[in-house]
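# Analysis of the macromolecular model
Listed here are the chains, written in short residue letters.
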Amino acid sequence: MLLPILKRLAPAMLLAGCAATNPPPPPDFTSYVVIGEYGAAVARVLIDAPACPEIVLDQRGQPMTLRAPAQTIPLRPTPSAPADSKPAEFPLLTCEAALPAGTTSATVLGRKLPLPKAEPTRIVVLGDTGCRLQKSSNSWQACNDSAQYPFATVAAQAAAWKPDLVIHVGDYHYRENACPEGNAGCAGSPWGYGWDAWDEDFFAPGAKLLDAAPWVMARGNHENCQRGGQGYWRFLDPRPLLKGRDCNAAADDNVGNYSDPYAIPIGQSTQLLVLDTANTTWKGLKPGDVGYDKYRDLYRKLDALSQRAPRNIGISHHPLLGMGADRKADGGIVLLPGDAGLQAAMGSLNPLLFPPAIQAMLSGHVHLWQQASFSSPHPSQFIAGFAGTSEDIVPLPVQLPPGVTPAPGAVVEHFSSWVDGFGFMTMERRGPDQWQVEVHDLQGNIRNRCTLDGRRSVCEVAQVK
Ligand SMILES: [Fe+2]
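Residues numbered from 1 in each chain as written. Predicted model: local features only at pLDDT ≥ 70, side-chain atom pairs only at ≥ 80, totals over all residues. Heavy atoms only, no water.

With that settled, consider the nonpolar core. If you look at the biggest cluster of nonpolar residues, it comprises 47 residues, and the most contacted ones within it are Leu362 and Met427. Contact partners of Leu362, with chain neighbours within four places excluded, come to Val125, Ile167, Val169, Ile313, Gly314, Ile315, Ser316, Gln381, Phe382, Met425 and Met427. Among the nonpolar cores identified, the runner-up in size contains 44 residues, and Leu46, Leu133, Trp161 and Ala387 belong to it. (Core = buried A, V, L, I, M, F, W, Y, C linked by side-chain atoms within 4.5 Å. Buried < 20%, exposed > 50% of the residue type's maximum accessible area, 1.4 Å probe, protein only. Contact = heavy atoms within 4.5 Å.)

Turning next to the coordination of the iron ion. Within the protein, the iron ion binds to Asp171 (OD), Asn221 (OD1), His317 (NE2) and His365 (ND1); these donor distances fall in the range 2.0 to 2.1 Å. Classification of the site at the iron ion rests on its four donor atoms, whose angles at the metal span 87 to 168°, yielding the label irregular. Donor residues for the iron ion sit on one chain with the sequence pattern D-x49-N-x95-H-x47-H. Here His317 is found in the loop between strand E18 (311-315) and strand E19 (324-327), whereas its partner His365 is found in the loop between strand E21 (358-363) and strand E22 (369-374), with 48 residues between them in sequence. (Donors = N, O, S within 2.8 Å, 3.2 Å for Na, K, Ca; no water. Tetrahedral: all angles 85-135°; square planar, octahedral: opposite > 155°, others 65-115°. Helix = DSSP H or I, 4+ residues; strand = E, 2+ residues; numbered from the N terminus.)

Here we come to the sheet that holds strand E3 (residues 54-57). Ordered by their spatial adjacency, four strands build an open sheet running E4-E3-E9-E10, and the pairing between neighbours is antiparallel. Among the strands making up the open sheet, the edge pair consists of strand E4 (60-63) and strand E10 (111-112). Here two bridges tie strand E9 (residues 106-108) to E10, and the two strands are oriented antiparallel to one another. Bridged to Val108 within E10 is Arg111. (Pairing = 2+ DSSP bridges.)

You will see that Asp128, though not glycine, has its phi angle at about 55°, which is positive. As for its placement among the helices and strands, Asp128 is situated in the loop between strand E11 (122-126) and strand E12 (133-134). On the accessibility criterion, Asp128 (0% relative accessible area) is buried. For Cys247, which is not glycine, the phi torsion reads 65° and is therefore positive. Residue placement: Cys247 occurs in the loop between helix H5 (229-236) and helix H6 (253-256). Here Cys247 falls in the buried class, since its relative accessible area comes to 1%.

If you want it as structure tokens, here you go:
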């Protein structure tokens, strides 16, 4: 702690003695804007300082509110053994301020913040951005190699595309355990669920994109309470930070692991509907399970929200209508359907899984890019989990074999994928329910183009090579 503070103070101390007209440089800090319920925008500043700074909105200064103090959270149960865990340290303030609709400028410590547009027409979609350091799976991604962990490049490319809005489909935090001794690829990486790992995994590499536009921040399973949930609630969720919903005590996990969906209007009678699916399981859920009731409740609220607008685009970290692939012990490939837990819970209320006013679902979780469109009345599914975390490289077929479907009753009409390539997806509005979707690689090339028209979508290339 001491060294970074000294580093930050040193220039100010030097300046104080000589040039009274030159103010000291502001301390290093992280800033971003999150969009939440009904489009409410909130500015966040993460700063190592005695108090929250002032925010200047349309030339008028006002104090930011303290969302979370600097603190160390006592160790809670995690997926790792206690020997591979540590308490989460947050040695900085999380500050926030609402950005009223119509605000035309917002500045903190001289830095301009991005402001929301009432009708965003250029949207970046990406997800699964962290560097995987996980002992249980013996996965040690080379976080120090920008070719093998390219989120900073993805973020810079996506920022250069000049989005009006960024949607992160979840899974921000992957540095769970200490890099093994002698592994140069990840040597020196912070780990665990505190600020240092969050900064290195998300805020630092994502900085250019956080500066470029406001974000919608969906929650992934890496942000459930057992994992990065404390950081999710403290930093990313757009709603108030509530005691008992903060993932700090395992006894409260049935509260902190779930939250209500929310709607974000994006113009032309269209809403984004953001779902928190952090605690579902591919193993399925059944009546009597906590998650079964929670996700049935989520479906009912999603249904009610979707009726507020004729057109909706849903965002859920876990795809219900996409495919994954796994390698069997004998070398064969098994195709995996959509999330079984959500399918069971939501399907118990609607066999079609989604309310009819949802035209498309945006997801991640599977570390690739994918599109699926259906001749049955299901929304199109896009998966954009290819923005930094080690890719899922088991190949998908050009076409799904007859009878193979991501969900019971869903009949695939068009299917497209890109396996083993890093990048991000963009959506540009072409009409009330028409969007042009593009798939971008690390070099800024467009690798696929799709059109989304109502619930139907189709892409130029079935299998990007
Ligand atoms: Fe995930």
